Each structure stands twice: as structure tokens, then as C-alpha cells.
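# Understanding the architecture of this molecule
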Amino acid sequence: MNWLRADIGFDGWRFDFVKGYAPEYTKLYCERTHPSFAVGELWTNIRYNNGQPSYDQNAHRQILCDWIDGTNGLSSAFDFTTKGILQAAVCGELWRLKDQQGKPPGLLGWYPQKAVTFIDNHDTGSTQRHWSFPDDKVLLGYVYILTHPGIPCIFYDHFFSWGFQKQIEDLLRLRKRVGVNAGSKIHINAAEADIYVANIDDRLVVKLGPRFHMGALFPDPSNWKLALSGKDFAIWESTRIRDTNIREDPKEEVKVDLPNSGLHMLRSPYQVKLSGKMSCKTVRRILNEVPDLVSDKETREDCNLEKENS
């Protein structure tokens, strides 16, 4: 894994099928490799009642929380709870998007900084379609995850093959412009069968659902302007001047010139450990090409930079 980071240029990990091994191993992998980002795929069944998802999915998201805690918070997790609830909610059951405490009902309602929200992936959608989001509601799903807390993940197929590239890019630009991030605060103003309205950080108001007349839920035009709209959704952006500094740790994009190629990567706030299991070639590449990722105290005396054949 350290070779993949140093020689190939990977900066983070997606851990597959993590219910197949204990979370302390994921913790170990992260401690030894210091990724800038890590996410685990813990796919377990949500509860159903008469063929429909149960309203209360607390037990399901607790499993995700326990796994994240088992990694000592070093890895995030795909928010399968939100996916299961959201794909039912957009089919005329938007009341599902508010739990008993008034919070979002998925992992993002409990642990948003570690919740990787998504609409579909190569297993649930694509050609396999094991648990796919309703085709005609996919864009509505992205409106939700790209305006809400959590760490949204975009499915390659939807972006490049389904014709949603422009709409997703518009949502991404809006999210970045107003500073919505994984830890943003959310207040759900309404969650009924045909309408859902939420305020995120007092920077966005998001409305989902076919109901046209919002009544008192309609944002005050003196403080809000319509930013984006489409079938069954509208998003308003605050017009009030406010500090939009993103609360997440900033990562600076840098260009690392590798032989015969140019690699764009994020400068990680973590550092690379010069493991005794790394080859001297790998150690030399790290010290020559990304020395800022190595602590000044780190050394490998057995690898002499002057001796290329060591």
C-alpha cells in the first residue's frame, strides 16, 4: 500500500467488503499508510416491513457507526442507510427524510463527517443493478446528497453516460460556492409525502417534491434567491453577506512532476512512514519527489541516495 502511494500516486483507499474482516485491520492499514482519505464498504441489509423499508433504521446506521469507531475514526463509510431510505423517499414518501429527532435518517444524521453518501455504485447500479436507485429519480437523489452534509460520491455512469454531467456540475459549483461541507448544520423545515424542505447552514434552502405551493415554507425573497431548479426540486441561495470559509481541513492541489508524466495530487496533511519493508527504490522516490510528505526525523540509513543500485 505504501508502494501504491509512493510509486503509483494513489492518495487514499476504498476498502471492499469490510464486513469480511474486523475493523481493527482497516485501522492498522490506515495507521501504516496515512491516506488522505479512506472509505469502507459495509453493505448490510436495512429493515423491511411488508416489502417497504421500515421508518426506523437506527440499528442499521448504528452498525456503520460502530465500524467507523472500530477504525478509530481513520476511515469513513459508505452511507448505505441513506441510500436505502432516499431511494424509497423520492417515490412519493419524502416523510422518510426526517427521523424521530428531526435529523436526516441515515448515517449523515449521526456521523456526517464520516458518511460517504451515494446514489449508486458498480454493484447496486450499472449492469448489475442489485439495489438500484429509481432511474427517473436519480437527479433528485443528487440534488439531495450534493446540498446536504456528508461526503457525496458521484457514480461514474451517471456523470458520463446518463446525461447528467451539466446538472451535477451545477450542483457541485453551488455546493463549493456557498461552502456546504461534511459538517454543515441542517434544519429540516418539512418532511411530508410530497414535499421536503431543509435549510443547510443558513446558506441554502432545498425543496424536493412535486408540491408547487409552499406557503410559509417559501424562502423570503429579500434574503434568498433561486439558484437552481428542475423537475420536483428547487434550491435557493442566501443573499446575505456571510463568511463562507469551509470548515473542513483544506488540501492544496500541487503538481508533482514524475518521469514522463505529470501527476496532480492533493498535498496530504499526513506523512509517509519510511517502512523497513519498502524497497530502497521506493524510499528514494519518496525522498526525491515528495520530500514534504516525510518528517525530517524519518530516515532509512540502509538506503543511500547516492547509490542507485542499493
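Let me sum up the structure you'll find in this document.

Procedures and definitions
Residues numbered from 1 in each chain as written. Predicted model: local features only at pLDDT ≥ 70, side-chain atom pairs only at ≥ 80, totals over all residues. Heavy atoms only, no water. Helix = DSSP H or I, 4+ residues; strand = E, 2+ residues; numbered from the N terminus. Buried < 20%, exposed > 50% of the residue type's maximum accessible area, 1.4 Å probe, protein only. Contact = heavy atoms within 4.5 Å. Areas by Shrake-Rupley, 256 points an atom, 1.4 Å probe, with all protein chains shown as cover. Pairing = 2+ DSSP bridges. Axes fitted to C-alpha atoms, helices over the stretch in contact; angles between N-to-C directions. Parallel < 35°, antiparallel > 145°, perpendicular 65-115°, else oblique. Phe/Tyr/Trp six-rings, centres within 6.5 Å; stacked < 30°, edge-to-face > 60°. Lys NZ or Arg CZ within 6 Å of the ring centre and 35° of its normal. Expected span 1.5 Å × (residues − 1). Arc of directions from axis to C-beta.

A few words now on the overall build of the chain. When its secondary structure is counted, the chain shows 9 helices and 13 strands. Relative to its 310 residues, the chain shows a buried fraction of 48%. For the chain, contacts bridging at least 24 residues in sequence account for 61% of all contacts bridging at least 6. Entry remark: accessible area of the chain is about 16000 Å², with carbon and sulfur atoms responsible for 50%.

Our focus in this paragraph is the sheet that holds strand 9 (residues 204-208). With respect to topology, 5 strands assemble into an open sheet ordered 7-8-9-11-10, the strand pairing being antiparallel. The open sheet has two edge strands with one neighbour each: strand 7 (186-192) and strand 10 (224-230). The average undirected angle you get between the axes of adjacent strands in this sheet is 15°. Summarising the sheet, strand 9 and strand 11 (residues 233-238) pair through 5 bridges and their orientation is antiparallel. Directly across from Lys 207, in strand 11, lies its bridge partner Ala 234. Running at roughly 25° to strand 11, helix 8 (residues 165-178) makes contact with strand 9, strand 10 and strand 11 of the sheet.

Once that is clear, we can look at unusual backbone geometry. Notably, Asn 50 is not glycine yet its phi reads approximately 55°, a positive angle. Looking at Asn 50, the relative accessible area reads 81%, which means it is exposed. Even without a glycine there, the phi angle at Asn 72 is positive, about 65°. Along the chain, Asn 72 turns up in the loop between helix 3 (58-70) and strand 5 (76-78).

What follows deals with the packing of helix 6 (residues 138-145) against helix 8. The contact between helix 6 and helix 8 brings their axes to 10 Å, and the two run at 10°. Classified by the angle between their axes, helix 6 and helix 8 sit roughly parallel to one another. In this structure, helix 6 contributes Leu 139, Tyr 142, Val 143 and Ile 145 to the contact, and helix 8 contributes Gln 167, Ile 168, Leu 171 and Arg 175.

Pairing in this open sheet of 4 strands is parallel, and the strands run 1-2-5-6 from one edge to the other. The sheet is open, and its two edges are formed by strand 1 (12-15) and strand 6 (115-116), each paired on a single side. Taken together, the 4 bridges between strand 1 and strand 2 (residues 37-40) define a ladder with parallel strand orientation. By the bridge assignment for strand 2, Trp 13 is matched with Ala 38. The strands touched by helix 3 are strand 2 and strand 5; relative to strand 5, the strand with the most contacts, the crossing angle is about 150°.

If you walk through the whole model with that rule in mind, you get 11 aromatic pairs. Judged by centre distance (6.1 Å) and plane angle (20°), the ring pair of Phe 15 and Tyr 29 falls under stacked. In this pair, Phe 15 is assigned in strand 1 and Tyr 29 in helix 2 (residues 23-33), connecting sequence segments 14 residues apart. A relative accessible area of 33% places Tyr 29 in the partly exposed class. With a centroid separation of 4.5 Å and 40° between ring planes, the pair formed by Tyr 156 and Phe 160 is classed as tilted. You can see Tyr 156 and its partner Phe 160 sitting in helix 7 (residues 156-160), 4 residues apart, about one turn around the helix. Residue class for Phe 160 comes out partly exposed when judged on its relative accessible area of 49%. The ring of Trp 110 has Arg 61 lying over it, and the distance from NZ or CZ to the ring centre is 4.0 Å. Here the basic side chain of Lys 83 rests over the ring of Trp 131, its NZ or CZ set 5.4 Å away from the ring centre.

Moving on: helix 3. Given a rise of 1.5 Å per residue, 13 residues ought to cover 18 Å, and the 18 Å separating the end C-alpha atoms of helix 3 matches this to within 8%. Within helix 3, the full set of buried residues consists of His 60, Arg 61, Leu 64, Cys 65, Trp 67 and Ile 68. What you see down the axis of helix 3 is that its buried residues fit within an arc of 160°, all on one side. For helix 3, the elements touching its buried residues are helix 2, strand 2, strand 5, helix 4 (80-89) and helix 5 (107-110). Just downstream of helix 3, Asn 72 is the residue with a positive phi angle, here 65°.

With respect to the helices and strands, Leu 293 occurs in the segment after helix 9 (280-289). Relative accessible area serves as the criterion here: at 7%, Leu 293 is assigned to the buried category.

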